[in-house]
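Residue-level listing of the chains:
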Amino acid sequence: MPGTQVPVIDLGAWRSGGPAARARTAARVDEALRTAGFLLVTGHGVDPALPARIREAARTFFRLPPEVKEPYAVSVGGRGWLGPGAEANGYAEGTESPPDLKESWSFAAEEPTGVPAVDAEWFRPNTWPAEVPGLREPVIAYLAAMRALSDELLELLAVALGRPEDCFTRYTGHPTWGFNLNWYPGTEVVGEPLPGQFRIGPHTDFGTVTVLDREPGAGGLQIHTDEEGWQDAPWDPAALTVNIGDLLARWTGDRWRAGRHRVLPPPAHAPAEELVSLVYFYECDAHTRVESLPAPVGRVAHEPVDSHVYLRAKLDAITVP
């Protein structure tokens, strides 16, 4: 995929650059989000030891027998284990496909707002698997880094639109978020893929920004653009992969496109390939009114939506009955 469509954005240079350098960065971001909806971000300051420790603990859990994992089973949007067959992301596009070939451990926002109805739906306690006590410490540290990074990215995106820095972060004082540890085992675990079956089916994410720490693989991430179709996503060991979701695309009046993507099934030439991705889905304060920015920034004036009515419908859509 041409580098111009998924540029590498150095946040260190963004933070320290002068007005001209920051303007050039903002213009590159604007162009990339109009075409692919994806960025590679370096200079983010996230300790690389954290994802390594998280992956080690996650693999320990996912390799446990199913009967040990089953007590932690939840449905999409819950806090715990999403087992085989629980989720089909292609459903969000209206595509009837086999379930995704993955397992996940899901975390989500848990600090109460004090509004009982909101807290009961969106801010419930997380679950931690007793079998892997080493998971909790690095995840908590990583989540703090992701929250700070996501707000910084939203400030950069606001500037890229020519808006005040707090255009989006004024709505992230007490946001919801989700964090998935996605395990993509080989065919010895999931079996031969069915026709139209992926590790994750084609879809766009639902919130504002998604921050992904991934491992490269033959059965890895692909990005879709109108110009190139499906292409392997670029990978840089020093970079995090960032894409925007449906809510932010609506917010920009479709100036920017939500990054459409999929994760390929285990490849025939490497059937034992096993990957673990760390996926942080950032959203906004519960029940934010998301209204398209007007022209000349916005291109389409969408009807305003309640952010969390919208998100709940999307989560329900990818749940396999």
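Criteria and thresholds
- Residues numbered from 1 in each chain as written.
- Predicted model: local features only at pLDDT ≥ 70, side-chain atom pairs only at ≥ 80, totals over all residues.
- Heavy atoms only, no water.
- Helix = DSSP H or I, 4+ residues; strand = E, 2+ residues; numbered from the N terminus.
- Buried < 20%, exposed > 50% of the residue type's maximum accessible area, 1.4 Å probe, protein only.
- Lys, Arg positive; Asp, Glu negative; His and termini not counted.
- Salt bridge = Lys/Arg side-chain N within 4 Å of Asp/Glu carboxyl O.
- Polar contact = N/O pair within 3.5 Å; in protein donor to acceptor, adjacent residues only side chain to side chain.
- Contact = heavy atoms within 4.5 Å.
- Phe/Tyr/Trp six-rings, centres within 6.5 Å; stacked < 30°, edge-to-face > 60°.
- Lys NZ or Arg CZ within 6 Å of the ring centre and 35° of its normal.
- Expected span 1.5 Å × (residues − 1).
- Pairing = 2+ DSSP bridges.
- Core = buried A, V, L, I, M, F, W, Y, C linked by side-chain atoms within 4.5 Å.
- Axes fitted to C-alpha atoms, helices over the stretch in contact; angles between N-to-C directions.
- Disulfide = S-S within 2.5 Å.

1. Points about the side chain of Asp-100
If you trace the backbone, Asp-100 turns up in the loop between β3 (80-82) and β4 (103-108). Among buried Asp, Glu, Lys and Arg side chains, Asp-100 stands out as unpaired, with Lys-102 the closest opposite charge at 5.5 Å. A distance of 3.1 Å separates a polar side-chain atom of Asp-100 from the backbone nitrogen of Gly-201. What Asp-100 contacts, discounting residues up to four positions off in sequence, is Gly-85, Glu-87, Ala-88, Asn-89, Phe-198, Arg-199, Ile-200 and Gly-201.

2. Some remarks on the packing of aromatic side chains
Summed over all chains, the structure comprises 13 aromatic pairs. Between Tyr-171 and Trp-251, the aromatic rings sit 5.5 Å apart at their centres with planes inclined by 45°, giving tilted as the arrangement. Placement of Tyr-171 in the loop between α6 (136-160) and β5 (175-184) and of Trp-251 in helix α8 (residues 246-251) is noted, with a sequence separation of 80 residues between them. The exposure class of Tyr-171 is partly exposed, given its relative accessible area of 31%. Residue classification places Trp-251 among the buried residues on the basis of a relative accessible area of 5%. Here the aromatic cluster, defined as three or more aromatic residues joined through ring pairs, consists of Phe-61, Phe-62, Tyr-72, Trp-105, Phe-107, Trp-128, Tyr-142, Phe-179 and Trp-183. Here the basic side chain of Arg-262 rests over the ring of Trp-230, its NZ or CZ set 4.2 Å away from the ring centre. For the cation-ring pair, Arg-312 lies above Trp-122, with the distance from its terminal atom to the ring centre recorded as 4.3 Å.

3. Quick look at α6
Counted at 1.5 Å a residue, the expected span for α6 with its 25 residues is 36 Å, and the 36 Å between its end C-alpha atoms agrees. Immediately downstream of α6, the backbone of Gly-162 shows phi near 75°, a positive value.

4. Let's talk about the side chain of Thr-42
Tracing the backbone shows Thr-42 in strand β2 (residues 38-42). Thr-42 gets classed as buried once you look at its relative accessible area, which sits at 13%. Each residue touching Thr-42, except ones within four places of it in the same chain, is listed here: Val-8, Ile-9, Asp-10, Leu-11, Gly-12, Asp-236, Ala-238 and Ala-239.

5. As for the environment of Arg-289
Examined against the element boundaries, Arg-289 turns out to sit in strand β13 (residues 289-290). Sequence separation between Arg-289 and Arg-24 is 265 residues; the distance between their C-alpha atoms is 31 Å. Among the polar contacts listed, one links the side chain of Arg-289 to the side chain of Glu-291, at a separation of 3.4 Å.

6. Considering the pairing of strand β7 (residues 209-213)
Of all 5 residues making up β7, 5 are buried, and the element is well covered by its neighbours. Neither face of β7 is open: one carries Val-209, Val-211 and Asp-213, the other Thr-210 and Leu-212, and all of them are buried. Here β7 pairs with strand β12 (residues 275-285) via 4 bridges, running antiparallel. By the bridge assignment for β12, Thr-210 is matched with Phe-281.

7. Re the nonpolar core
Phe-107, Tyr-142, Leu-157, Phe-168, Phe-179, Leu-181 and Leu-248 are the most contacted members of the largest nonpolar core, which totals 71 residues. It is α6 that contributes the most residues to this core, 11 residues altogether. Ignoring anything within four residues of it in the chain, the contact list for Phe-168 reads Leu-154, Leu-157, Ala-158, Leu-161, Leu-248, Trp-251 and Leu-293. In terms of nonpolar packing, the next biggest core, distinct from the first, is built from 14 residues, Val-6, Ala-36, Leu-212 and Ala-239 among them.

8. Examining the sheet that holds strand β1 (residues 8-10)
Taken in spatial order, the 8 strands make up an open sheet running β1-β2-β10-β7-β12-β5-β4-β3, and their pairing is mixed. At either margin of the open sheet sits one strand with a lone partner, and together these are β1 and β3. Going across the sheet, the axis of each strand differs from the next one's by a mean of 25°, ignoring polarity. Pairing between β4 and β5: 6 bridges, direction antiparallel. When the sheet's bridge partners are listed, Phe-107 is paired in β5 with Phe-179. Across the sheet, helix α9 (residues 307-317) is in contact with β5 and β12; its angle to β12 comes to roughly 150°.

9. A short note on α9
Here α9 has its buried residues at Ser-307, His-308, Tyr-310, Leu-311, Arg-312, Lys-314 and Leu-315. Its side-chain oxygen placed 2.9 Å from the backbone nitrogen of His-308, Asp-306 serves as the N-cap of α9.

10. Overview of the pairing of β4
Most of β4 sits inside the fold, with 6 of its 6 residues counted as buried. Sheet analysis places β3 next to β4, joined by 3 bridges and oriented antiparallel. Note on β4: the bridge partner recorded for Gly-80 is Ser-106.

11. Re the state of the cysteines
Under the definition given, this model contains 0 disulfides. Just so you know, Cys-167 is unpaired, no disulfide at all, and the nearest cysteine sulfur is the one on Cys-284, 12 Å from it. Take Cys-284: its relative accessible area is 0%, and that puts it in the buried class.

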